[in-house]
Amino acid sequence: TLACVIGLPEAAFAQSTARLKTPAGKTILISADNFFRDADAGLMELRGNVQVVYGEEHLSCDRAVVRLATQEVEAEGNLVIVSPTARVQGSRTVLK
């Protein structure tokens, strides 16, 4: 679902927010103190006050890595995932 971040330019951004569309047309809002994108490795790293909002689901953490090809997200540090039916806290998760 996060493969649409490919459209961001390669570089680092400070205190940035990106509004993205999935292939299905849904909006994903991503915010972090720093964005780093490595086009060669197909990765995006988000650091500091990471917030990801997808529909009614909200993920917050200290650091996240998005693997663009597989749409896998590794999130860690002060992790909180909130949906309309659940709230989960932890130190690390992998979302596929």
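Scoring rules and cut-offs
Residues numbered from 1 in each chain as written. Predicted model: local features only at pLDDT ≥ 70, side-chain atom pairs only at ≥ 80, totals over all residues. Heavy atoms only, no water. Pairing = 2+ DSSP bridges. Helix = DSSP H or I, 4+ residues; strand = E, 2+ residues; numbered from the N terminus. pLDDT = per-residue confidence, 0-100. Contact = heavy atoms within 4.5 Å.

Caption draft 1: Highlighting the pairing of strand β3 (residues 43-54). Sheet topology note: the strand β2 (residues 27-38)/β3 ladder contains nine bridges and is antiparallel. Within β3, the position partnered with Leu29 by the bridge is Val53. Between β2 and the antiparallel strand that follows it, β3, lie four residues; Gly42 among them carries a positive phi value of about 70°. Summarising the sheet, β3 and strand β4 (residues 57-67) pair through ten bridges and their orientation is antiparallel. Paired with Leu43 across the two strands is Arg67, which belongs to β4. Between β3 and β4, which pair antiparallel and follow one another directly, the connecting turn spans two residues, one of which, Gly55, has a positive phi of 65°.

Caption draft 2: Spotlight on the confidence of the model for the chain. Summary statistics for the chain give a mean pLDDT of 81 and a share of 81% for residues scoring 70 or more. This model gives residues 1-13 a pLDDT under 50, and the stretch forms 39 contacts once residues within four places in sequence are excluded.

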